[in-house]
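These are the residues of each chain, in order.
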Amino acid sequence: MAEAKRVLDYADGFAAYMQAGTNLSERTRRTYAYELTLFARNLENPVLTDLSPQTLLQWNQMLYDAGAAANTINSKHSALKKFLDYLEEFPEDEKGGEHAGRLLRSLKRLQTPRDREPPRKPFSLNEEQVAKMLEAAGARLGRGPRDRAMVHLLWAAGLRRAELGNLLLDDLDITERLATVTGKGSKTRTVVYDELCQADLVKWLELRLYWRVRTDEQHVFVSAKGGPLSLNYISNIVQAVAQEAGLRKEVWSHLFRHSRITALLNKGMALQEVASFVGHQNVQTTMGYYHQDTTRLKDSY
């Protein structure tokens, strides 16, 4: 009698399906494969047919207890749904395919908590706080030039973390201080950055030549092993740098985008121009990122 197959026994087939059977981005394919491995290991690589709706509830609870944000849990759900879709569509055995279909229907009924995290109090970083973060990032042992260039570009160009992580060498025009980024909906736009940010980018790119980079890796910012940076990795860098800079408020990567929009509007840049700069089709969306300083408001009044 054949031994029952465990979740990780399907990993290779799932990876092949992700490459040939989906139109997802390469980053998403890698993320989903990683999330499947994480799911299996956290549950001690169970036999597929031993999984039950109760198992999924247990997994969901593990994520909640670990303090995972709603968006993070949604991402993990999406990865598992795609895995169960694969098993249902291409069952290696009929029983496994039917079981995967039942699990998929159960997973779709699981809800992620929308009120898990208390709302962050809106604020924006000022230039003094950004300067402290740049100084702290540059002082990081072994990775200072990279982390400083990352933090500086997030601030100077108001980038989303995915736009930063996906930035390729060919997307940069260092001489003209321009970068072509791909935002939501695969829409591209050109952003500009200042001369100080340009200097930090040049310093990092010079060091990058001697970094442990794979020969086929074209990402501007890479890990110590030479691979592209995950979204969580970028977030962790920002949070660590903020702590090392002595900032008492919580700082996350998207806060740079809020802060840049606020700074540009305060300096008199037209609302429509700011919206175009950050890739917003609607100026109302841009205004949602603007945090009015009451002191400045009083002075203006």
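From a predicted model like this one, the values you see are computed outputs, not experimental measurements.

Visitor: Could you clarify how one ought to interpret the environment of Leu24 in this entry?
Guide: With respect to the helices and strands, Leu24 occurs in the loop between α1 (11-21) and α2 (26-42). Here Leu24 is in contact with Met18, Arg29, Tyr32 and Lys82, once residues within four sequence places are set aside.

Visitor: Explain the sheet that holds strand β1 (residues 172-173) to me, please; I cannot follow it from the model alone.
Guide: Hydrogen bonds along the backbone pair up the strands of a sheet, which may run parallel or antiparallel. Taken together, the 3 strands give an open sheet; going across it, the order is β1-β2-β3, and neighbouring strands pair in antiparallel fashion. The open sheet has two free edges, formed respectively by β1 and β3 (188-192), since each of these has just one partner strand.

Visitor: What is the right way to look at the packing of helix α6 (residues 127-138) against helix α10 (residues 231-244) in this model?
Guide: Between two packed helices, the angle of one axis relative to the other and the distance separating the axes together describe the packing. Contact pair α6 / α10: the axes reach a minimum separation of 8 Å and the direction vectors enclose 105°. Classified by the angle between their axes, α6 and α10 sit roughly perpendicular to one another. Judged by residue contacts, Met133, Ala136 and Ala137 of α6 engage Val238, Val241, Ala242 and Glu244 from α10. The residue makeup of the contact of α6 with α10, split by class, is 6 nonpolar, no polar and 1 charged.

Visitor: Got a minute to help me understand the pattern of salt bridges in this structure?
Guide: Where charged atoms from two side chains of opposite charge approach closely, those side chains can pair. With the rule as written, the count across this model stands at 9 salt bridges. The partner of Arg29 in a salt bridge is Glu26, and the shortest N-O contact between them spans 3.4 Å. Of the two residues, Arg29 and Glu26 both sit in helix α2, 3 residues apart, roughly one turn of that helix. You can call Glu26 partly exposed: its relative accessible area is 37%. When the shortest N-O distance is used, the salt bridge between Glu127 and Lys267 registers 3.2 Å. One end of the pair, Glu127, is in helix α6; the other, Lys267, is in the loop between α11 (255-266) and α12 (271-278), and 140 residues separate them in sequence. By relative accessible area, which is 60% here, Lys267 ends up exposed. Salt bridges here are not isolated pairs; linked through shared partners, they connect Arg140, Arg146, Asp147 and Glu244.

Visitor: Even after reading the chapter, I still don't get the pairing of strand β2 (residues 178-182), so can you show me in this structure?
Guide: On a regular strand, one side chain projects to one face of the sheet and the next to the other, so that they alternate. Alternating positions in β2 separate cleanly, Ala179 and Val181 being buried on one face and Leu178, Thr180 and Thr182 remaining unburied on the opposite face. The antiparallel hairpin formed by β1 and β2 contains 4 residues in its connecting segment, where Arg177 sits at a positive phi of about 55°. Remark: 5 residues form the turn of the hairpin made by β2 and β3, two consecutive strands paired antiparallel; Gly185 in that turn has positive phi of roughly 70°.

What counts and what doesn't
Residues numbered from 1 in each chain as written. Predicted model: local features only at pLDDT ≥ 70, side-chain atom pairs only at ≥ 80, totals over all residues. Heavy atoms only, no water. Helix = DSSP H or I, 4+ residues; strand = E, 2+ residues; numbered from the N terminus. Contact = heavy atoms within 4.5 Å. Pairing = 2+ DSSP bridges. Axes fitted to C-alpha atoms, helices over the stretch in contact; angles between N-to-C directions. Parallel < 35°, antiparallel > 145°, perpendicular 65-115°, else oblique. Nonpolar A, V, L, I, M, F, W, Y, C, P; charged D, E, K, R; others polar. Salt bridge = Lys/Arg side-chain N within 4 Å of Asp/Glu carboxyl O. Buried < 20%, exposed > 50% of the residue type's maximum accessible area, 1.4 Å probe, protein only.

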